[in-house]
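Structural overview for review
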Amino acid sequence: MEARVKLKEKIRDVFQRHKSQPLTRVRELINPILRGWVQYFKVGNSSKVFG
């Protein structure tokens, strides 16, 4: 499965499991996921751009 699809599914799952939570709580849960994803893929994306 493509990494982008896995990321979207993971974020969708967080939203579904925390529907009744305040948005600030959901943001706290999603931020580490997004930051990790960006950190992991930033090297690969920049090498494509500069290659």
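Note: the structure precedes this text.
The following paragraphs examine the structure supplied in this document. (Residues numbered from 1 in each chain as written. Predicted model: local features only at pLDDT ≥ 70, side-chain atom pairs only at ≥ 80, totals over all residues. Heavy atoms only, no water.)

The subject of this paragraph is the overall build of the protein. Looking only at helices and strands, the protein has 2 helices and 0 strands in total. By the burial criterion, 12% of the 51 residues in the protein qualify as buried. For the protein, the accessible surface area stands at approximately 4500 Å², while carbon and sulfur atoms represent 57% of it. (Helix = DSSP H or I, 4+ residues; strand = E, 2+ residues; numbered from the N terminus. Buried < 20%, exposed > 50% of the residue type's maximum accessible area, 1.4 Å probe, protein only. Areas by Shrake-Rupley, 256 points an atom, 1.4 Å probe, with all protein chains shown as cover.)

Throughout the structure, instances matching the rule amount to 3 salt bridges. We note a salt bridge from Arg17 to Asp13, for which the minimum N-O separation is 2.9 Å. Highlighted residues: Arg17 and Asp13, both in helix 1 (residues 3-17), separated by 4 residues, approximately one helical turn. Taking the relative accessible area as the measure of exposure, Asp13 reaches 34% and is therefore partly exposed. Salt-bridge contacts for Glu28 lead to Arg25; the nearest nitrogen and oxygen are separated by 3.8 Å. (Salt bridge = Lys/Arg side-chain N within 4 Å of Asp/Glu carboxyl O.)

Along the polypeptide, Ile33 turns up in helix 2 (residues 23-50). A sequence separation of 23 residues divides Ile33 from Lys10, and the C-alpha atoms of the two residues are 8.4 Å apart. Apart from residues lying up to four places away in sequence, Ile33 is in contact with Leu7, Lys10, Ile11 and Val14. (Contact = heavy atoms within 4.5 Å.)

Quick look at the nonpolar core now. Counting residues in hydrophobic clusters, the biggest one holds 5 residues: Leu7, Ile11, Val14, Val26 and Ile30. Of all the secondary structure elements, the ones that give two or more residues to this core are helix 1 and helix 2. Take this core: its biggest share by element is 3 residues, from helix 1. Here Val26 is in contact with Val14, Phe15, His18 and Gln21, once residues within four sequence places are set aside. (Core = buried A, V, L, I, M, F, W, Y, C linked by side-chain atoms within 4.5 Å.)

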